[in-house]
Amino acid sequence: MNNNKFTLRIPSRSSNESFARVTVAAFAAQLDPTLEEISDIKTSVSEAVTNCNVHAYPKSIGMVYISCEILKDNVIKIKVRDKGCGIADIEQARQPLFTTGGEERAGLGFAVMESMMDSVRVSSKQGKGTIITMKKKISQKDNAR
Amino acid sequence: MRISSTGEVLTIYLNGEIDHHSARAMREEIDKAIDFNMPSLLILDFTEVTFMDSSGIGLVMGRFKNLQKNGAKLHLTNLSDNIYKIMKLAGIERLAVLEKGA
């Protein structure tokens, strides 16, 4: 299963948030994850894609690129990339409760991703876009029994 | 979304997925029910919620603020393990009573 991968390219429409997280979850299913792990992956992908829709492309529809890869030792790598406005201050953006998204956004997207994935890397260039790279080791519940 | 009111207590049974896409319509419907019923307690029931991300936190925090205008309380009931985890991560237990599902 090593090196199995896919790439998905979707417009930054909010109706695609569900499609994106379900697609990644379906791909991750081959690693035999627990229900909790699947839920963690779905939530993290939802946060990253929502960030693209709300922040990267605030006033227009742009493309969101999602790529997933299975690495060795049952690790899934998920990359969510946009060509939007970029993040001015990454450290500030990662702070819990910080948001530029208005009153109905909690500012917890990165906090959620960080708590649910093993690692979250953010690289961004203003005016060029942002790449979120997340990794999670899947426990393989059959072996754990 | 099902709504039941007994005067003081307004119960709203949320359903489906709560994300950035769906949260807006839910927010409008809940606020309409709060403004109409003026409850002293709002119970949001999560039994039929199949997915929630941090948009759900924003939804809860916004409704808490709306309820505060009349000093009303907020309970969140029948939270799945995953939804409970996200609520705790956000410290929602400081704003509302959290109750896990069976």
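Whatever comes next refers back to the structure up there.
Within any chain, residue numbers begin from 1 and follow the written order of that chain's sequence. Here every chain gets a letter starting at A, and every ligand a number starting at 1, in the order they are written. Under the rules for a predicted model, residues below a pLDDT of 70 receive no local features and side-chain atom pairs below 80 are neither given nor counted, while totals for whole chains, interfaces and linings still include all residues. Excluded from the side-chain calculation are hydrogens and water; included are all heavy atoms of the structure.

A. Spotlight on the overall build of chain B. Numbering of helices and strands runs from the N terminus; a helix is a DSSP stretch of H or I covering at least four residues, while a strand is a stretch of E covering at least two. Tallying secondary structure elements over chain B gives 3 helices and 5 strands in all. Listing the helices and strands of chain B from first to last along the sequence gives β-β-α-β-α-β-α-β. Expected size for 102 residues packed as a compact globule is a radius of gyration near 13 Å; at 12 Å, chain B falls within 12% of this value. With the C-alpha coordinates of chain B rotated into their principal frame, the extents come out at 30 × 25 × 25 Å. Partly exposed residues are those whose accessible area sits between 20% and 50% of the maximum for their type, while under 20% is buried and over 50% is exposed, using a 1.4 Å probe and protein chains only. Expressed as a percentage of the 102 residues in chain B, the buried residues total 49%. Contacts are assigned to residue pairs with any non-hydrogen atoms lying within 4.5 Å of each other. Taking contacts inside chain B between residues at least 6 apart in sequence as the whole, the part at least 24 apart equals 66%. Here, Shrake-Rupley sampling with a 1.4 Å probe gives the accessible areas, and only protein chains in the shown set may cover a residue. For chain B, the accessible area works out to roughly 4,900 Å², and carbon and sulfur atoms hold 50% of it. Chain B carries 12 positive and 13 negative side-chain charges, and their two centres are separated by 6 Å. Computation of the radius of gyration draws on C-alpha atoms, with the globule rule given as 2.2 Å multiplied by the number of residues to the power 0.38. Residues counted as positive are Lys and Arg, residues counted as negative are Asp and Glu, and His and the chain ends are not counted. A charge is said to be at NZ when it belongs to Lys, at CZ for Arg, at CG for Asp and at CD for Glu.

B. Region of interest: the packing of aromatic side chains. Paired rings are identified among Phe, Tyr and Trp, the last through its six-membered ring, by centres lying within 6.5 Å, and are further divided according to the angle between planes into stacked (under 30 degrees), edge-to-face (over 60) and tilted (the rest). Across all of its chains, the model carries 1 aromatic pair over all chains by this definition. Each ring is checked for a lysine NZ or an arginine CZ that lies within 6 Å of its centre and within 35 degrees of its normal; such an atom marks a charge sitting over the ring. Taking NZ or CZ as reference, Arg81 of chain A lies 4.4 Å from the ring centre of Tyr65 of chain A, over its face. A cation over an aromatic ring shows up here: Arg2 of chain B above the ring of Tyr13 of chain B, its NZ or CZ 4.2 Å from the ring centre.

C. Examining the pattern of salt bridges more closely. For this analysis, a salt bridge means a side-chain nitrogen from Lys or Arg found within 4 Å of a carboxyl oxygen belonging to Asp or Glu. A complete count under the given rule lists 9 salt bridges over all chains for this structure. In the salt-bridge network here, residues are joined through shared partners; they are Glu36, Asp40 and Lys136 of chain A together with Lys85 of chain B.

D. Looking closely at the pairing of strand S2 (residues 9–18) of chain B. Residues and elements named next belong to chain B. Sheet topology note: the strand S1 (residues 2–5)/S2 ladder contains 4 bridges and is antiparallel. The residue bridging Ser5 from the neighbouring strand is Leu10, located in S2. Strands were regarded as paired on the criterion that DSSP finds at least two bridges between them. In textbook terms, the turn of a hairpin is the stretch between consecutive antiparallel strands, and for S1 and S2 this stretch comprises 3 residues, one of which, Gly7, has a positive phi near 85°. Sheet topology places S2 next to strand S3 (residues 41–52); 9 bridges connect them, and they run parallel. Considered in S3, the bridge of Asn15 is made with Glu48.

E. Region of interest: helix H2 (residues 35–56) of chain A. With 22 residues, H2 of chain A should cover 32 Å at 1.5 Å per step; its first-to-last C-alpha distance of 30 Å lies within 8% of that length. Counted residue by residue, H2 of chain A has 19 buried out of 22 residues, so it is predominantly covered. A helix is expected to span 1.5 Å multiplied by its residue count minus one.

F. Highlighting the nonpolar core. Residues belong to one nonpolar core when they are buried, are Ala, Val, Leu, Ile, Met, Phe, Trp, Tyr or Cys, and are joined through side-chain atoms within 4.5 Å. Of all hydrophobic cores here, the largest spans 35 residues; its most connected members are Phe46, Ile57, Leu76, Met87 and Ile92 of chain B. Of all elements in the fold, only helix H4 (109–116) of chain A together with S2, helix H1 (20–37), S3, helix H2 (54–68), strand S4 (73–79) and helix H3 (81–89) of chain B reach the threshold of two or more residues within this core. Element by element, the count of residues in this core is highest for H2 of chain B, at 6 residues. Listed in part, the 34 residues of the second largest apolar core include Ala25, Phe27, Val45 and Ile76 of chain A.

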